Structure formats: C-alpha cells, structure tokens
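If you want the building blocks of each chain, they are given just below.
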Amino acid sequence: MTQFFFEQLLFYLAIGITLIAPGYLVLHFFVTKIRLSHLEKAALSVPVSFTVTTFTLLSASYANVPFNRLSVILILLITIALIALLGSHIQKKYSPKERDPGDSQNLSKKQYILIGCIFTVMCLTKGTYLTTTIFPSSTDLGHHMYWVQRIVTTGEVVTYSKNTVEADDPKSAASSPANFVGNQQIPDFIIGEHIIFAAIALISGISVVSSMPSLVLFLIHIVSISLLFLLSLRLFEKLPFGRNASVCVLFTIGALYAISGAQAKFVSGGVVGNILGNMLIISSLYFFVRALIEKSRYCILLGITLITALLYTHHLSMFIFGYVFLAWVVLFCVINIRTISTHIKLWAFLMHWSVFCLLGGIVAYIFLVHIPSYLDPQTISGSIGAPSKSTRVGLPLWQLIGSSGMMRFFFGICGLIIFAFTLAQFTLIKNYTRKLKLNVQNTSLNIHPYAYALVIAWVSVLLIMTLEPGALKVNILSTRIATYIIFPLAITSGFFLGWLIYFLNQKPSALPQTFSTLAISFFFLILTLDGLNDNSASLKEVPEIEQTVQTFHNALYLKEHAPVGSWSLKDHNHLESTAWMKVFMASESSDYSNPLSRALLARYESQPRRENCTREMISNPSSALATVCFENLNIGLVSVNTEQDAGQFIRNDNFIRVYQNSEISTFLRK
Amino acid sequence: MNHQKKVILFTALLLMITMSSLAWIERSQRDFSNGKDWWALSFVDPSPASSTIDFTIENFSDSETFTYQVISNQNQSEIKTVTIPKSSSTNITVTQNPPAQIQVTTGDQTKSIYK
C-alpha cells in the first residue's frame, strides 16, 4: 500500500512537471494581452505543456544529452525555471498589472453545477469501462510502448526502423522461402507520440507495462473534451443561448456516447496519435479562432506552435487538420467574396516579425534538428489521390451514423442545417446591402463569420472525407477518418439543442408552454437514451487478463533464454496480447520485428505477395519450406498456443519443448 | 473562491480519484497470481547442449501440491511430490541427463517439457 502511495505521488509529480507546469507558466506570463479564464488556463496548460516538453526533450537529445531520471527532471525543471524567470521579467517590463481573468465566460451557478455533474458522469462512465480494459493488452498500445521502452532503456530518441522479412520470390510467395532484406524505415510512428510517455516513465519510475500509458491518454482525452467545451463557448460567445449550447456540447460528448469510437475505447486501445491529435487540433483551432476574432498575434503564435507539435505527433491528425483549415479558409473567402479585400487588410496583423521568426524557426528545426519520420514524398503521395483499397473508398452512411451515435449524428446534422441556413441568409443580406459587418448584431443568430465558417467547414469536410473520400483525393482508411467527426458533430448537436431550448422558450411564443416543455423533454430523452444505450453496449466487453499475464510471463522467459543472436517467433492468432512481447524484450540491440509473428491468417490470403515463412513455420514446421525458413531467419524459440499448435512441434524431432504454462508452449529449435 | 476555481478543483480531484482507482485495479490485474489460477513449467537451462534437465515450477494457482516424474530412455523415475505455495517458484534438481521428459501434475492438469 505504501509503495502504491509513493508510486502515485511520483506519477502525479511527473504529470505536473511534464503536462501542467510548463504550459501554465507560458499562459500565465506570456499570454497577458488576451483574456483567459481560469478554466481556459487550466485546460490549455496541457497541450501547451505537451508541446514544451516534447520540443525540450527532442532538443536535448539533439544536443546528445542522454535520458535518465535525473537528466529528464533537470532538463524540465530548468525549462520551467527559465519560462518563469523570462516571463516575470517580461511581465514587469511590459504589463506590470496582470488583469484578473475572473469569470469571463459568465456562466451561471446552475450551469456550473451542470458542468460538475457532467464531469462526474463522464469520469464514472469512462472509468467503469476502463476498470476492465485498463490492463495493458491492446495491440496498438503494445506497438507504441515498444518505442517508449526503447527510449527508456537506451536513453536516446529512437529511429523508427525494423528488419524486414520478404519472400525470395514474391511472385510465388506461398512456396518461396523468405529472408531478411534489410532495415526499413517505419513512417507510421512519430516521436511526439512517445517522448511524453518516456519522460513520465523515467521521472516516476513506473513501468511502461502498466496502467501509466492509458492513464496519460485518459487525462489527455478528458482535457480534449474540456477544450471542445471551451471552444464552443468562444464560438457561441455572442449568442443568447451560447452558454446553454456549450453545456449541451459537453453533455453530448462527455456524458453520452462516452466510450465508443475515439473516446474511452481509444484510451485503452492505445490509439495514441488520435487521442493526442484531437487535443492538439482542438486547442490550435481554439487559438486560431481567437486570433482571427480578436486580431491577437499571441494566439496566432500559440496556434502555430501547437500545430507544429501536431506535425511531430500524428500524421493522420495533421492531414485532417490541413483539410479542415483549408476548407475553413476557402469557405470564409467564398461567403465573403465581395468584401474579401477588406478582410485581407484586417489580416495584416499576421504580417509581423514574430510570426515570420516562428515560421522560420520551425522550418529550421525540421531540417536541422529532427525531421518527422513520415515527411517523405512516398508516404505523402500515398495518402493523397484516388482511394487505392476497398477500405478507403468511404463508409456507407449507416455505418457512419452507427459509429458517431445515431441521435448525436441526427442532432448534429440538424445543427449544421440551421448553421448553413443562417449563413446563407446572412450572406444574402450582406451581399445585397454590400456592407461589411464583422459583428452581425442584427441577425437572429449572432455568430462571428469565422465561427460560422469553421463549424460548417469542420463538419462538412469530415463528412465528405468519410463518405466520399475520392471527391477530396483522400486515400486513407475511412473508418479512421470517421472517428474525427464526433468532435465537430458534438458542437453542432449541442448548438441544435441550445437553439431548440431557446426557440421553444421564446416570449411571446405562438406555442403553448406545455408543448415546449414536452418537446424539449422528448428531444433530450431520446438523445440520452440513445447515448446511454451506446455506453452500456460498450461496457459488456470483458478482457482476457489471465491469458495476457501468461503471455507476459512467456515474454520474460523468451527474453532471458533466447539463444544469443537468434530470433524468436510467436503466433498472433491464438495467443493474447502478443504485441506486448517485444516491449519486454526491448533493449539497445532489439528489433521491432522480434519476435517475428504469424499474423492473422486472412492477411496471407489477402496479400498474395506477402512472405509465407511466418505462417508455414508455425502451421507446418516439418515442411521443406519451413525448414529453410527456420534456417534463413535463424529462429531459436517458438511460442504457440498449446491446444492449437503444439502438436506439430511435438511430432518434429528438431524441436524440444522448454516451457509450458496453461496457454503457451515454447519450443526450442535444436 | 469563484465558481470556476471550484469546478477546476472538483474536476482535478475527480480525475485523481478515478486515475488512482484505475491504477490500483490494474496493479492487482497485472499481478501474476492475484485472482488467477495458472502455473508454468520450464527448464532452468533450455539449451540442448546443456547436460542438465533441472526445471522450475512457478505457481500462480490455488493448488500447492505438485507431483513430478522424470521419463528418461523409457525408464520412469518414481513420482515425487513438491509443495509450492501460491506466488512462489521452486527449482528442482534432477540427477538424470537428457534426453528426458519432465512431467508435472497438479489436480487434473499435466504439463510436460522435454529435451
């Protein structure tokens, strides 16, 4: 118990140093010319801290500083001290009196109570789901944690590469032996996804094979939801029902549909890039919106910095952000086509030396210090163009509705229609009168044109990318793109609910009060029932913990007893959580591909040019092909499910069984 | 203290309680023996070149009594019994040399290793 208490203490200390303090100080000392509420400061501290920690450690690694507990703590404490010293100096010199941010959002006491209740339901729902899935077992998380463990073990930033096995003759892969053909770069992993976990593991001393990775993702996920709420507060700032709509946004994404899709499932599933990417997308959009509305250079600088962190964190999220941002700009220009020259003049505040210095610094950093692993023409061109696989041609509408939550999708589309209708009305009026009014005080829905354009562009572009990716030349797995839509849909569905309450309660109203109350209750009831039903459906999953710990035990045996210089082989079909085996084996000389894996059997059929050695060596180890494969690939130990695959090894005199637990048998090749 | 600070404090506390509870749950799930029922048998030195067939039984099950037998050149050694409490392991030294098979039984479960 005492050990657990100290472990927890160190964990929160590590979170404080890496994910809270640097960002809070940056916002406190450097962002003094715009008003940030306490809530905004608290939530934005996390993405800003993430950015500061990632770039500080990346730069330290470039300067050949090895990572260990002491060095990481010192590097981050020095950074925090420098921010505080420089910040307090600047503050004294330029803005001696800091304004009290107070409660700039003007939320009522009832709304705060509602927010507290939603957060409680959110933590309870997601927490309940995680009680059975927090155990580190998912394949994606295992792949990511290998690299984190490599950083922890070697003390330096990793190069994402692996030894590749290919058939000697890919044209007849099924009957051709395979060989190692060299070291291949892996563009799927990016340093920003791993450095934060390595820093927390080093500072706290907590094992990478623990709840730590999922808990960090959980924290980041909750922060992302809070940021979405704060972004909607800013977007709907001038609306009479804006605050109610924002609380509804929090309700539709926090309390309802809290598990499926890119939510708690992604936290335990270890979809690291997506969780981090969503936080960085929402926080940078927040700063860009405020920058454009308030003409704030500070916000632009912060927005650009956060997007640079995204560039170093997740390629798909960066790709999505690029499309959304482009659509935002294009839509804004189209709806303001007659007055665009006036707007361009207003954007003059962007032409400042500080913005150019930052952009120049980023370009220099990319080329001189660390270039993100996916920034190569082949990877980029592979993601753009006509969809090349059946899984990339778009989802049917029903599947998108199912993955987004049926009622949330329906309400979200209703909100989008109201947005679009009002925008069309507003644009027509404006074009007829030819008067530019940035603050459209006299329209029924008083939203800033930038906010209009962003919300419509965000939802529309993701709808097209998911349903008809070919129209935008997107060549990416459609189910992955679909997970991004829940955030803008939550904004439009929250907006719709807020608008509905406002519209039905307007005085004087043609509708009787009872009808209004019943209608509002009906809409909330069907949304809540659907959202809770979605939550309960996801709570039914039960993990195979006992099998997984046996896999971990076996991995420790392989690590200790594999013949020197040999490779190991394991089966991914009938064993649990085998992606984690390489985490136990991670060392300076280990390889991402070790142990080699018999992949899901269907993959050998769907990819006819794929090497067949890994399948043949387990399915038929006595065959002539397998014999050559064992020799070519220098396999020492083979771990398989005892019931499914041990028989063929027992019958083969070239193997001895050296290990057996209740699930796994390990054979050694003589 | 204004409402915003109260909400921040409340949320931070809620998050810490949730995260610590999850960490506690995961800690017990990760434990090889806590609430689990399995055991493992392995050679101390699996190398085929090694002349020893000493083996290890690691017990994470509720059974504590294990019987083992060494089968070497069609000769079966006498059945011996060893007591291994839950969450502990025992190395057993064997006088025979390979080739040999080690057969361990507890309850209705039998596992074997050979070289």
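All values derive from a computational prediction rather than experimental measurement.

(A) Local environment of the overall build of chain A. A count of helices and strands for chain A gives 27 helices and 7 strands. Against the globule reference of 26 Å for 670 residues, chain A gives a C-alpha radius of gyration of 27 Å, in line with a compact fold. Along the three orthogonal principal directions, the C-alpha set of chain A runs to about 90 × 60 × 50 Å. When each of the 670 residues of chain A is scored for burial, the buried share is 50%. For chain A, the share of sequence-separated contacts (at least 6 apart) that also reach a separation of at least 24 residues comes to 78%.

(B) Local environment of the overall build of chain B. The number of helices and strands found in chain B is 1 helix and 8 strands. Start at the N end of chain B and walk to the C end: the helices and strands fall as α-β-β-β-β-β-β-β-β. Taken against the 2.2 N^0.38 rule, which gives 13 Å for 115 residues, the C-alpha radius of gyration of chain B at 24 Å runs more than 25% over that of a compact globule. Projected onto the principal axes, the alpha-carbon positions of chain B cover approximately 80 × 30 × 15 Å.

(C) Focus on the packing of helix H2 (residues 38-62) of chain A against helix H6 (residues 195-204) of chain A. Residues and elements named next belong to chain A. Close contact between H2 and H6 brings their axes to 9 Å; oriented N to C, the two are set at 85°. It follows from the interaxial angle that H2 and H6 lie roughly perpendicular. The segment H2 lies against H6, with Phe50, Thr53, Thr54, Leu57 and Leu58 engaging Ile195, Ile196 and Ala199. Class assignment of the residues belonging to the contact of H2 with H6 gives a composition of 6 nonpolar, 2 polar and no charged.

(D) Here's a closer look at the pairing of strand S5 (residues 635-641) of chain A. Residue and element names in this part refer to chain A. The buried count for S5 comes to 6 of 7 residues, which makes it a mostly enclosed element. Sheet analysis places strand S3 (residues 567-571) next to S5, joined by 4 bridges and oriented parallel. Looking at the pairing, serine 568 lines up with leucine 637 of S5. Pairing between S5 and strand S7 (residues 664-669): 5 bridges, direction antiparallel.

(E) Just the interface of chain B and chain A, in detail. On the chain A side, the residues contacting the 37 residues of chain B number 41 residues. Going through the elements one at a time, helix H1 (3-30), strand S1 (38-43) and strand S8 (109-114) of chain B are the ones with two or more residues in the side of chain B that touches chain A. Per element, the largest residue contribution to the side of chain B that touches chain A is 21 residues, and it comes from H1(B). Taken together, the residues of the side of chain B that touches chain A sort by class into 20 nonpolar, 10 polar and 7 charged. Direction of pairing for strand S6 (residues 655-660) of chain A relative to S1(B): antiparallel, over a ladder of 2 bridges. Bridge assignment links Tyr659(A) to a residue of S1(B), and that residue is Ser42(B).

(F) Fine view of the domain arrangement of chain A. Residue and element names in this part refer to chain A. Structurally, chain A comprises domain 1 (105-133 + 211-538) and domain 2 (171-191 + 544-669). Spacing between the C-alpha centres of domain 1 and domain 2 amounts to 43 Å. Domain 1 puts 10 residues into the contact, and the matching count from domain 2 is 5 residues. Within the side of domain 1 that touches domain 2, the residues separate by chemical class into 3 nonpolar, 6 polar and 1 charged.

(G) Expanded view of the packing of helix H11 (residues 297-311) of chain A against helix H12 (residues 315-335) of chain A. Residue and element names in this part refer to chain A. The contact between H11 and H12 brings their axes to 8 Å, and the two run at 140°. One element, H11, and the other, H12, form an angle in the oblique class. Contacts between H11 and H12 involve Ile307, Leu310 and Leu311 from the former and Ser317, Met318 and Phe321 from the latter.

(H) Local environment of the sheet that holds strand S4 (residues 596-598) of chain A. Read across the sheet, 8 strands follow the order S4(A)-S3(A)-S5(A)-S7(A)-S6(A)-S1(B)-S2(B)-S6(B) without closing on themselves; strand pairing throughout is mixed. The strands lining the two open edges of the sheet, one partner per strand, are S4 of chain A together with strand S6 (88-92) of chain B. The sheet shows a mean angle of 25° between the axes of neighbouring strands, taken without regard to direction. Where helix H27 (residues 642-650) of chain A meets the sheet, it contacts S3, S5, S6 and S7 of chain A, and its direction lies at approximately 140° from that of S5(A).

(I) Seen up close, the domain arrangement of chain B. Domain annotation for chain B reports domain 1 (1-30) and domain 2 (38-114). Between domain 1 of chain B and domain 2 of chain B, the C-alpha centre-to-centre distance is 46 Å.

(J) Representation of the pairing of S6(A). Residues and elements named next belong to chain A. S6 sits mainly inside the fold: 6 of its 6 residues count as buried. Pairing analysis gives 5 bridges linking S6 to S7, with the strands arranged antiparallel. Bridge pairing in S7 places isoleucine 656 opposite leucine 668. From the end of S6 to the start of S7, which pair antiparallel, there are 3 residues.

(K) Layout of unusual backbone geometry. The omega torsion across Asn594(A) and Pro595(A) is 5°, close enough to zero to call that bond cis. With respect to the element layout, Pro595(A) can be found in the loop between helix H23 (581-585) and S4. Here the amide bond leading from Pro98(B) into Pro99(B) is cis, since omega sits at 0°, within 30 degrees of zero. Tracing the backbone shows Pro99(B) in the loop between S6 and strand S7 (100-106). Located in the positive-phi region is Asn634(A), a residue other than glycine, with phi close to 50°. Looking at where Asn634(A) falls in the secondary structure, it is placed in the loop between helix H26 (624-633) and S5.

(L) Structural detail: helix H8 (residues 242-255) of chain A. Residue and element names in this part refer to chain A. Between the first and last C-alpha of H8 there are 19 Å, a value that for 14 residues agrees with the 20 Å anticipated at 1.5 Å per step. Of all the 14 residues making up H8, 13 are buried; the element is thus mostly covered by neighbouring parts of the structure. With its phi angle positive at about 45°, tyrosine 257 sits one or two positions after the end of H8.

(M) Structural detail: H2(A). Residue and element names in this part refer to chain A. The end-to-end C-alpha distance of H2 is 36 Å, a good match for the 36 Å that 25 residues give at a rise of 1.5 Å each. At serine 45, H2 is bent by approximately 35°, the largest bend along its length, and proline proline 47 sits one to four residues beyond. The element H2 is extensively covered by neighbouring structure, given that 21 of its 25 residues are classed as buried. Positive phi shows up at asparagine 64, right after H2, with a value of about 60°.

(N) Geometry of the environment of Leu511(A). Topologically, Leu511(A) is positioned in the loop between helix H20 (486-504) and helix H21 (513-538). Counting along the chain gives 131 residues from Leu511(A) to Ile380(A), while the straight-line C-alpha distance between them is 55 Å.

(O) Quick peek at the environment of Lys33(A). All names here are of chain A. Checked against the element boundaries, lysine 33 lands in the loop between helix H1 (2-30) and H2. C-beta crowding within 10 Å serves as the criterion here: with 13 such atoms nearby, lysine 33 is assigned to the partly exposed category. C-alpha of lysine 33 to C-alpha of tyrosine 298: the two residues are 265 residues apart in sequence and 7.8 Å apart in space. In this view, lysine 33 contacts Ser296 and Tyr298; residues no more than four positions away in its chain are not counted.

(P) Inspection of the environment of Ile203(A) at higher detail. Residues and elements named next belong to chain A. Turning to its location among the elements, isoleucine 203 is positioned in helix H6. By the C-beta count within 10 Å, which is 21 here, isoleucine 203 ends up buried. C-alpha of isoleucine 203 to C-alpha of glycine 565: the two residues are 362 residues apart in sequence and 32 Å apart in space. In this structure isoleucine 203 touches Leu13, Ala14, Ile17, Arg69, Val72 and Ile73, once residues within four positions along its chain are discounted.

Cut-offs and rules
- Residues numbered from 1 in each chain as written.
- Chains lettered and ligands numbered in written order.
- Predicted model: local features only at pLDDT ≥ 70, side-chain atom pairs only at ≥ 80, totals over all residues.
- Helix = DSSP H or I, 4+ residues; strand = E, 2+ residues; numbered from the N terminus.
- Rg over C-alpha atoms; globule rule 2.2 N^0.38 Å.
- Buried ≥ 20, exposed ≤ 12 C-beta atoms within 10 Å, placed from the backbone.
- Contact = placed C-beta atoms within 7 Å.
- Axes fitted to C-alpha atoms, helices over the stretch in contact; angles between N-to-C directions.
- Parallel < 35°, antiparallel > 145°, perpendicular 65-115°, else oblique.
- Nonpolar A, V, L, I, M, F, W, Y, C, P; charged D, E, K, R; others polar.
- Pairing = 2+ DSSP bridges.
- Domains from an automatic or database assignment.
- Expected span 1.5 Å × (residues − 1).
- Bend = angle between axes of the 7 residues up to and from the residue.

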